[in-house]
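What follows is the residue order along each chain.
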Amino acid sequence: MTALLIRDVKLGLRAGGGALIGILFYLAVAAVTPFAMGPDLNLLAKIGPAILWIGALLASLLGLERLFQIDREDGSLDLMVLNRHIMPLSFAVFIKCVAHWITTGLPLVIVTPLLGLLLNMDGKAIGATALTLLIGTPAVTFIGAVGAAIAVSLPRGGLLVSVVILPFVIPVLIFGVMATFGAVVDGAPFKAPMLLLAALTLFFAVLGPFAAGYALKNAGD
């Protein structure tokens, strides 16, 4: 388990610069939006959490097609399917999702405070945004694993992954933004959307690997 996690983290850091590409895309979204919004700093600070959430969500989608692609190319995926009686395929998928989030999702959370300053957000809003991204972005990875497993056998499945999983990640975006606004706006709900966001992450952490493992098994067959 540990060897698989370390291997996937190393591959994620080396294969195509996935972490760097995601951060650059996230930075581009945060840097370009103020030009479209105009000089109103108060408006920018108000919608800053939503901008960061949308940017982080789209950046998380960029590298999902590579979640199983490298394993398919070097034959590791076939070995995981054949040896599922030793390590359940869903558990192997769970470990790969954790490694993928460490290399793509966690860097987005780390750079969020810097991008929050670019959007004129105060410390409380930046902290709330980073916290909700920390809780919510793993759900995007677990949902994306299902799309990546479905598209792994297709020659150009990157677009298909985004199309398949986008409707399922919208609730994560909604509750993440609601929880962030609840932390900074008086009278807005915070506890309920935060608990729902955490529940979505836990739900997809269980369902996602099982569904992805089933899709990989069928693709191998």
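The numbers attached to residues start from 1 for each chain and follow its sequence in the written order. At least 70 in pLDDT is required for a residue's local features to be given in this predicted model, at least 80 for side-chain atom pairs to be given and counted, and no such filter applies to totals for whole chains, interfaces and linings, which use all residues. Only hydrogens and water are removed before side-chain values are computed, so all heavy atoms of the structure are retained for them.

- An unreviewed UniProt entry lists the protein under the name Heme exporter protein B, from Ahrensia marina.
- In its Function (unreviewed entry) section, UniProt records this for the protein: "Required for the export of heme to the periplasm for the biogenesis of c-type cytochromes."
- Heading Subcellular location (unreviewed entry) of the UniProt record for the protein holds this comment: "Cell inner membrane". UniProt positions are given in the numbering used here, feature names are shortened, and annotations may be inferred rather than shown by experiment.

Describing the UniProt feature "transmembrane region" (unreviewed entry) in the protein
Okay, step 1: UniProt annotation of "transmembrane region" (unreviewed entry) refers to residues 12–37, 43–64, 85–110, 130–152, 159–183 and 195–216 when read in the numbering used here.
Okay, step 2: Across residues 130–152, the secondary structure splits into 96% helix and 0% strand, with the terminal C-alpha atoms separated by 31 Å.
Okay, step 3: Annotated as 100% helix and 0% strand, the span residues 195–216 places its first and last C-alpha atoms 31 Å apart. Helix numbering and strand numbering both begin at the N terminus, where a helix is a DSSP run of H or I of at least 4 residues and a strand a DSSP run of E of at least 2.

Considering the packing of aromatic side chains
Okay, step 1: The pairing test for Phe, Tyr and Trp rings, Trp by its six-membered ring, is centres within 6.5 Å, and the orientation test on the planes gives stacked under 30 degrees, edge-to-face over 60, and tilted for anything in between. With the rule as written, the count across this model stands at 2 aromatic pairs.
Okay, step 2: For the ring pair Phe94 and Phe142, a centre distance of 5.5 Å and an interplane angle of 15° mean the geometry is stacked. With Phe94 in helix H6 (residues 89–118) and Phe142 in helix H7 (residues 123–151), this residue pair connects regions lying 48 residues apart in the sequence.
Okay, step 3: Per-residue accessibility, obtained with a 1.4 Å probe over protein chains only, is compared with the maximum for each type, and a residue is labelled buried under 20%, exposed over 50%, and partly exposed between these values. Of the residues examined, Phe94 reaches a relative accessible area of 31% and is grouped as partly exposed.
Okay, step 4: When its relative accessible area of 7% is taken as the criterion, Phe142 is described as buried.
Okay, step 5: Plain terms: the ring middles of Phe203 and Phe204 are 5.2 Å apart, the flat faces sit at 70° to each other, and that makes the pair edge-to-face.

What about H6?
Okay, step 1: Spanning 30 residues, H6 covers 43 Å between terminal C-alpha atoms, matching the ideal 44 Å at 1.5 Å per step.
Okay, step 2: Of all the bends in H6, the greatest reaches close to 45° and is centred on Thr112; the proline Pro113 follows between one and four positions later.
Okay, step 3: Phi turns positive one or two residues past the end of H6, at Asn120, with a value near 65°. A helix is expected to span 1.5 Å for every residue after the first. A residue's bend is simply the angle between two axes: one fitted to the seven residues ending at it, one to the seven starting at it.

A few points about the packing of helix H3 (residues 41–62) against H6
Okay, step 1: Note on definitions: angles span 0 to 180 degrees between N-to-C directions of axes, and those axes are lines fitted to C-alpha atoms, for helices only across the stretch in contact. Contact geometry for H3 and H6: axes closest at 10 Å, N-to-C directions at 145°. With respect to the hand of their crossing, H3 and H6 are arranged in right-handed fashion. On H6, the residues that touch Leu44, Leu52, Ala56, Ala59 and Ser60 of H3 are Leu108, Thr112, Leu115, Gly116 and Leu118.
Okay, step 2: Split into classes, the residues belonging to the contact of H3 with H6 amount to 7 nonpolar, 3 polar and no charged. If you view the pair so one helix is near and one far, a crossing is left-handed when the near helix is turned anticlockwise from the far one by less than a right angle, and right-handed when it is turned clockwise. Contacts: residue pairs with any heavy atoms within 4.5 Å of one another. Residues are grouped as follows: nonpolar covers Ala, Val, Leu, Ile, Met, Phe, Trp, Tyr, Cys and Pro; charged covers Asp, Glu, Lys and Arg; every other residue, Gly included, is treated as polar.

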